[in-house]
There are 8 protein chains.
Amino acid sequence: MTPKIMIILGSGSDIAIAEKAMDILDKLEIPYSLKIASAHRTPNLVREIVKQGTDAGIEVFIGIAGLAAHLPGTIAAYTPRPVIGVPVDVKSAGMDALDSIIQMPYPSPIATVGIDRGDNAAILAAQFIGIHNDEIHQRVINLRKEYARKVIDSNESIVQAID
Amino acid sequence: MTPKIMIILGSGSDIAIAEKAMDILDKLEIPYSLKIASAHRTPNLVREIVKQGTDAGIEVFIGIAGLAAHLPGTIAAYTPRPVIGVPVDVKSAGMDALDSIIQMPYPSPIATVGIDRGDNAAILAAQFIGIHNDEIHQRVINLRKEYARKVIDSNESIVQAID
Amino acid sequence: MTPKIMIILGSGSDIAIAEKAMDILDKLEIPYSLKIASAHRTPNLVREIVKQGTDAGIEVFIGIAGLAAHLPGTIAAYTPRPVIGVPVDVKSAGMDALDSIIQMPYPSPIATVGIDRGDNAAILAAQFIGIHNDEIHQRVINLRKEYARKVIDSNESIVQAID
Amino acid sequence: MTPKIMIILGSGSDIAIAEKAMDILDKLEIPYSLKIASAHRTPNLVREIVKQGTDAGIEVFIGIAGLAAHLPGTIAAYTPRPVIGVPVDVKSAGMDALDSIIQMPYPSPIATVGIDRGDNAAILAAQFIGIHNDEIHQRVINLRKEYARKVIDSNESIVQAID
Amino acid sequence: MTPKIMIILGSGSDIAIAEKAMDILDKLEIPYSLKIASAHRTPNLVREIVKQGTDAGIEVFIGIAGLAAHLPGTIAAYTPRPVIGVPVDVKSAGMDALDSIIQMPYPSPIATVGIDRGDNAAILAAQFIGIHNDEIHQRVINLRKEYARKVIDSNESIVQAID
Amino acid sequence: MTPKIMIILGSGSDIAIAEKAMDILDKLEIPYSLKIASAHRTPNLVREIVKQGTDAGIEVFIGIAGLAAHLPGTIAAYTPRPVIGVPVDVKSAGMDALDSIIQMPYPSPIATVGIDRGDNAAILAAQFIGIHNDEIHQRVINLRKEYARKVIDSNESIVQAID
Amino acid sequence: MTPKIMIILGSGSDIAIAEKAMDILDKLEIPYSLKIASAHRTPNLVREIVKQGTDAGIEVFIGIAGLAAHLPGTIAAYTPRPVIGVPVDVKSAGMDALDSIIQMPYPSPIATVGIDRGDNAAILAAQFIGIHNDEIHQRVINLRKEYARKVIDSNESIVQAID
Amino acid sequence: MTPKIMIILGSGSDIAIAEKAMDILDKLEIPYSLKIASAHRTPNLVREIVKQGTDAGIEVFIGIAGLAAHLPGTIAAYTPRPVIGVPVDVKSAGMDALDSIIQMPYPSPIATVGIDRGDNAAILAAQFIGIHNDEIHQRVINLRKEYARKVIDSNESIVQAID
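As the structure is a prediction and not an experimental result, all values here were calculated from the model. (Residues numbered from 1 in each chain as written. Chains lettered and ligands numbered in written order. Predicted model: local features only at pLDDT ≥ 70, side-chain atom pairs only at ≥ 80, totals over all residues. Heavy atoms only, no water.)

A. Just the overall build of chain A, in detail. What chain A contains, in helices and strands, is six helices and five strands. The order of α-helices and β-strands along chain A, N terminus first, is β-α-β-α-β-α-β-α-β-α-α. Relative to the compact-globule value of 15 Å for 163 residues, chain A shows a C-alpha radius of gyration of 17 Å, a close match. Reported as C-alpha extents along the three principal axes, the dimensions of chain A are approximately 60 × 40 × 30 Å. Buried positions account for 71% of the 163 residues belonging to chain A. In chain A, of all internal contacts separated by at least 6 residues, the share reaching a separation of at least 24 is 66%. As presented, chain A carries roughly 5,200 Å² of accessible surface, and 48% of it is formed by carbon and sulfur atoms. Separation of charge centres in chain A, based on 15 positive and 19 negative side chains, amounts to 4 Å. (Helix = DSSP H or I, 4+ residues; strand = E, 2+ residues; numbered from the N terminus. Rg over C-alpha atoms; globule rule 2.2 N^0.38 Å. Buried < 20%, exposed > 50% of the residue type's maximum accessible area, 1.4 Å probe, protein only. Contact = heavy atoms within 4.5 Å. Areas by Shrake-Rupley, 256 points an atom, 1.4 Å probe, with all protein chains shown as cover. Lys, Arg positive; Asp, Glu negative; His and termini not counted. Charge placed at Lys NZ, Arg CZ, Asp CG, Glu CD.)

Structure follows, in structure tokens:
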């Protein structure tokens, strides 16, 4: 199945954050590819991967990076497709990466999610695709219901435990 | 034409940020609607607007708010559609609003853009819709080219001015 | 005995902070109820719990949440009763939750206490109720005396230890 | 009429923040008194004012201060009544005052509101008193409705203006 | 020997920071006393201790506290003697305590040292006393030389180790 | 009259902060000298001024600087006398200067006062000298009384204005 | 004369910061070129300019940018020559740009200077070139002396003004 | 071989950061010397070392320090050669050291690298020297290629692992 989402890691050391995204995408049955490419060490590789991905029909890119996290912005420079950025907490509680990703100037937005939130990046990507894909849209709705159900169950157990 | 994007302002005082978004959407010829609804003063109005919007086919919501900026999160609680959040600089250089929007827990992402960046919110919304709408996709590409052209022109005039 | 205070947790994972509040309320013999309800996953549950609680005579709500901590604000949207907010340190040393709770716009205040301070939330709730309940007011005075006594005792032992 | 609320200013230069509180209290028809007393220059005056106020039946204290804002904490040291703290933005965007007020240790909570939010301090005080005073409780409900109405009206005018 | 310096701890839990100060004062052979007194739980005890200390000839006070660290400011309110403040890192990397101590308004300065720097507080106190006490002044000079010597020795060993 | 205090400015552009100190020292009738010397541009001048000042009987140094504010630390490197540091708000709301002055390692303390607080630096210097100079000690007490009196007067006028 | 330094601006709106650099380079008589190229809008232009510059013998690059300031990092990705980064204060007091420039991962350093410090970037560039160019090295020494002289003169006038 | 680079540590406790620099310099076969000298404890030693180093032909200085990190600025005060500063994370996540190093006033720049980045300091120093030393310039290019290769290899293994 052709991947709709491409996850790009700035460094192999951030793989745990990517796995949070991949777990959700597996659960939502959305095909994706995973790449490692550094905006600073291998700028040509980023450009090539992103251009090929765009041509091959990738609908959403997810860039995961810490420190001076330029990867999502570099991806956005080479594709008109929406790019989701995940700031990783390597130093400074992740504030350096957050600043480097979210404060993009016009007209180069990154859809930024919370620090280390690979999971939310995956949901967001599914929501974008779900705009025109009813099946995926329905899976997002189901996943949301499942988690709402967990809260409701926790609430019921707590109430019982105390009463 | 049925709006594809709904912009919701937490307060009428943030209208300037909404206008930055509306200018871009006008330019991209994407129909939108504009609402004012406060997550704290009028939670039922937010719920109603968002549910009706979702049922009426809104594809992307943009929530614009300052301070303890709960509006984008409240929108996300009532729709499975993607929500873009724009933190507004009212106090604390906008860091309070940024924290309140971006640090959403799983599975409730907000696609957050930079502080006061109504313009980037509009581009991002267009990118989401452009995934399956080739016309809008092409307009985004054209707008990006136009702005790239401006940089190239500035560079050329500067070089001439100095030489 | 009808509870006067309702503690609502945004997530079961913040239970340790709720326990700090419950320990003090037990000590002050003030009846309370405990709920788990997420502002983002289960907004309807929050609304329902808060409205029922308000109708049932809850006098003070305590909302405990981390990250983009919207729960206390959401509670305040559905009740005219005072709401105490406890920011939880999940990320960013709790500054994200603090910003999300304290910077509420007019006219939707949250009585915010320090990061992770479930204990102080309980004292504060007791003080509110103590305005018209002399017995609880007296218990707060006694508890304050007890802790003042501990400081005085520490001071005396230290002085003896050094002399 | 005996005041139920005492507003204490750490410095005459913060009067504008106190006026925001007084305007709301006037609107809610809740009697209050206003004092100026510095925790650092006149600690005895603070103690005396707070003790006399407590004995005279003050139900809620509001302390307004900037910089190393010790006033609300000093008030709390001398009364078992609830104390609301309003951090004032004098330097550091008010973060110094916020830190100095909210991070109170156990068992000395301050019900802290947002930076410069004299208005929210007044609402909060009214909510505390409203726990046992149905008339004031009703006025808070009415004020909330009035502001909800303003949002609804803004929304309607905006929608009309655009359509 | 009559103590010249009084160290006051806001809480017994900060004893490690006081010990850093006491070790240096022992080394400099400057007599001191140690007290525990909370600005919030036992304001009268602070006042009493400080007034008695001032009358008994204490020349410098050292206040050690974390969180909303009002203790040094409260000491300063009751004595015209210089007060040294040591912010303790309990939460927020000690920034809350630092803000609460250093940002004192005019005319109530606190001689603030770095976060957790009980050792530097002791040196500073010795320097104040050394202004008119040649023996203590000379001991400060010697201690500075000793530490300068340690750096010079480290430098020499490192150079040898590498060569 | 021989100066007891030396004020050193890192840059002539910070003269306004020095004037706040000089006004208070004039009022307290304490002789001082004023110098301009940059830790970075003229390190030898700083060393020379500080060594000569120390030899000439300067009892307290006040270093005033913004940005990477090394001046107070450089002064402390060349004198065993106490050094007061005043961080100046040039950029970053003065946090860069505050960090650069207060976080001095052992055994090189700077008695740091609040951002831009030349006035408090002067009071603090007077307190140090007042340890052994009863006349100056008495002037500090009088100045404190004067400012306490101003607060008491403000309080009385406010109370009258409202009644 | 062949330029040794290339200044690249991310946006024409930051020209004032570039002018601070150009004024110093003019004074030091070091030839430079000025370009405008955006890392996000025109990544290919950046690559092309940097590669051509490197081939043409540019010895130092200066990248000037605000917000999510990726320009210096992008320059560094395409040249082995040293890159100086100047963070510009557009939002967040320039902290976003500072984080985006300085926190570069290994092995892609940026020689970062203070916020808005185009002037220091020019000095630093001159120092790099001065390593092997004695004439420029001497000019840097002269410029340092000139500024040291200004401080010494200010000090002398101040001393005279007060005496 | 005469060292071209001098690494100066403010304290022996920061040796791990120096080792990161030395490892890279060894790899690049650039001779260096290592010194320990504190700007506060041993200002004369710093001056002497830096002046001797400058006279002996040191081309680049690297200053490594934490807290109120004045060492790089002090080095810069005594040499016209470029100085690289490495802020060390001792307290405050290294922000105090970063502020103390990067915010240097004109005309005293420090080429600042990221927090704890001894490795990047070494690369940067090699780049400066590489301006006029083709052999070292080539080694930098090779080292960059080696690290680019590692990213490319990681990417290939990841792709294989998933496929």
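B. Summary view of the pattern of salt bridges. This structure, assessed with the given rule, holds 45 salt bridges over all chains. A salt bridge links Glu156 of chain C to Arg149 of chain C; the nearest nitrogen and oxygen atoms lie 4.0 Å apart. Among the residues examined, Arg149 of chain C registers a relative accessible area of 41% and is labelled partly exposed. The salt bridge involving Lys91 of chain F is made with Asp116 of chain G; its shortest N-O contact spans 2.5 Å. One end of the pair, Lys91 of chain F, is in the loop between strand 4 (83-88) and helix 4 (95-102); the other, Asp116 of chain G, is in the loop between strand 5 (111-112) and helix 5 (118-130), on a second chain. Of the residues examined, Lys91 of chain F reaches a relative accessible area of 21% and is grouped as partly exposed. Asp116 of chain G gets classed as buried once you look at its relative accessible area, which sits at 12%. Overlapping salt bridges, with partners in common, bring together Lys91 of chain A together with Asp89 and Asp116 of chain H in one network. (Salt bridge = Lys/Arg side-chain N within 4 Å of Asp/Glu carboxyl O.)

C. Examining the pairing of strand 1 (residues 5-9) of chain B more closely. Residue and element names in this part refer to chain B. The element strand 1 is extensively covered by neighbouring structure, given that five of its five residues are classed as buried. Neither face of strand 1 is open: one carries Ile5, Ile7 and Leu9, the other Met6 and Ile8, and all of them are buried. Pairing analysis gives five bridges linking strand 1 to strand 2 (residues 32-36), with the strands arranged parallel. Looking at the pairing, Met6 lines up with Ser33 of strand 2. (Pairing = 2+ DSSP bridges.)

D. Region of the structure containing the layout of surface pockets. Space inside the largest pocket adds up to approximately 1,700 Å³. What lines the largest pocket is a set of 36 residues, and nearest its centre among them are Met95 of chain A, Met95 of chain B, Met95 of chain C, Met95 of chain E together with Met95 of chain H. Only helix 4 (95-102) of chain A, helix 4 (95-102) of chain B, helix 4 (95-102) of chain C, helix 4 (95-102) of chain D, helix 4 (95-102) of chain E, helix 4 of chain F, helix 4 (95-102) of chain G together with helix 4 (95-102) of chain H provide two or more residues apiece to the lining of the largest pocket. Its residues assigned to classes, the lining of the largest pocket comprises 16 nonpolar, eight polar and 12 charged. (1 Å grid on protein atoms, 1.4 Å probe; cavity = no way out; pocket = protein on both sides within 12 Å on 5 of 7 lines; lining within 4 Å. Points joined across faces, edges and corners; volume = space filled by probe spheres on them. Nonpolar A, V, L, I, M, F, W, Y, C, P; charged D, E, K, R; others polar.)

E. Here's a closer look at the arrangement of the chains. Structurally, chain A and chain F remain out of contact, their C-alpha atoms never closer than 16 Å. Regarding chain C and chain G, the two do not touch, and the least distance separating their C-alpha atoms is 16 Å.

F. Layout of the packing of aromatic side chains. Inspection of every chain in the model, using the stated rule, returns 12 aromatic pairs over all chains. Judged by centre distance (4.9 Å) and plane angle (85°), the rings of Tyr147 of chain A and Tyr106 of chain B are edge-to-face. Taken as a pair, Tyr147 of chain A in helix 6 (residues 134-162) and Tyr106 of chain B in the loop between helix 4 and strand 5 (111-112) lie in two separate chains rather than in one. Looking at Tyr147 of chain A, the relative accessible area reads 10%, which means it is buried. With a centroid separation of 3.6 Å and an interplanar angle of 25°, the aromatic rings of Phe128 of chain C and Phe128 of chain D are classed as stacked. Remark: Phe128 of chain D occurs in helix 5 (residues 118-130) and Phe128 of chain C occurs in helix 5 (residues 118-130); the pair is interchain, linking two chains. Exposure class is identical for Phe128 of chain C and Phe128 of chain D. Each is buried. (Phe/Tyr/Trp six-rings, centres within 6.5 Å; stacked < 30°, edge-to-face > 60°.)

G. Expanded view of the relation of the copies chain B and chain A. With an RMSD of 0.0 Å, the fit of chain B onto chain A corresponds to turning through 180° and sliding 0.0 Å along the axis. Read as a symmetry element, the transformation amounts to a two-fold axis. When you check the interface residues of chain B against chain A, 100% turn up at the interface there too, and the contact is symmetric in its surfaces. (Least-squares fit on C-alpha atoms with pLDDT ≥ 70 in both.)

H. Spotlight on the packing of helix 2 (residues 43-55) of chain B against helix 3 (residues 71-78) of chain B. Residues and elements named next belong to chain B. Where helix 2 contacts helix 3, the axes come no closer than 9 Å and their chain directions differ by 50°. Overall, the two elements helix 2 and helix 3 adopt an arrangement that is oblique. Helix 2 and helix 3 meet at a crossing whose hand is right-handed. Contacts from Val46, Arg47, Val50, Lys51 and Thr54 in helix 2 reach Leu71, Thr74, Ile75 and Tyr78 in helix 3. (Axes fitted to C-alpha atoms, helices over the stretch in contact; angles between N-to-C directions. Parallel < 35°, antiparallel > 145°, perpendicular 65-115°, else oblique. Left-handed = near helix turned anticlockwise from the far one by under 90°.)

I. Broad picture of the interface of chain F and chain E. Across the contact, 42 residues belong to chain F and 42 residues belong to chain E. Counting the surface lost from both chain F and chain E, the interface buries some 3,600 Å², and carbon and sulfur atoms represent 62% of this. Linking chain F to chain E there are zero salt bridges. Seen at the junction of chain F and chain E, the total is 23 residue pairs in polar contact (both at pLDDT 80 or more). (Buried area = accessible area lost by both parts, 1.4 Å probe. Polar contact = N/O pair within 3.5 Å; in protein donor to acceptor, adjacent residues only side chain to side chain.)

J. Quick peek at the side chain of His70 of chain H. Structurally, His70 of chain H is set in the loop between strand 3 (60-66) and helix 3 (71-78). Within the local environment of His70 of chain H, its side chain forms a polar contact with the side chain of His40 of chain H, the two groups lying 3.1 Å apart. If we ignore the near neighbours within four places in the chain, the residues touching His70 of chain H are Ala69, His70, Gly73, Ser100 and Met104 of chain F together with Ala39 and His40 of chain H.

K. Examining the pairing of strand 3 of chain H more closely. Residues and elements named next belong to chain H. Taking burial as the measure, the seven residues of strand 3 include seven buried ones, the bulk of the element. Side chains Val60, Ile62, Ile64 and Gly66 project from strand 3 onto one buried face, and the interleaved Phe61, Gly63 and Ala65 project onto a second face that is buried too. With five bridges joining them, strand 1 (residues 5-9) and strand 3 adopt parallel strand pairing. Of the residues in strand 3, the one forming a bridge with Ile7 is Ile62. When strand 3 meets strand 4 (residues 83-88), the two strands line up parallel, connected through six bridges. Across the sheet, Ile62 pairs through a bridge with Ile84, a residue of strand 4. Note that the unit made of strand 3, helix 3 and strand 4 has a crossover that is right-handed. (Right-handed = clockwise from strand over helix to strand, strands pointing away.)

L. Structural detail: the interface of chain B and chain A. Taken residue by residue, the interface counts 42 residues in chain B and 42 residues in chain A. Interface area, chain B with chain A, both sides summed: about 3,600 Å², of which 62% is carbon and sulfur. Our enumeration of links across chain B and chain A arrives at zero salt bridges. Going through the elements one at a time, helix 3, helix 4, strand 5, helix 5 (118-130) and helix 6 (134-162) of chain B are the ones with two or more residues in the side of chain B that touches chain A. With seven residues, the single largest contributor to the side of chain B that touches chain A is helix 5 of chain B. Per-class residue counts for the side of chain B that touches chain A are 27 nonpolar, 10 polar and five charged.

M. Expanded view of the relation of the copies chain F and chain E. In the superposition of chain F on chain E (RMSD 0.0 Å, axial shift 0.0 Å), the rotation amounts to 180°. Take the interface residues of chain F: 100% of them recur as interface residues in chain E, which is what a same-surface contact looks like.

N. Molecular detail of helix 2 (residues 43-55) of chain C. The end-to-end C-alpha distance of helix 2 of chain C, which contains 13 residues, comes to 18 Å, matching closely the 18 Å that a straight helix rising 1.5 Å per residue would cover. For helix 2 of chain C, the complete set of buried residues consists of Pro43, Leu45, Val46, Arg47, Ile49, Val50, Gly53 and Thr54 of chain C. (Expected span 1.5 Å × (residues − 1).)

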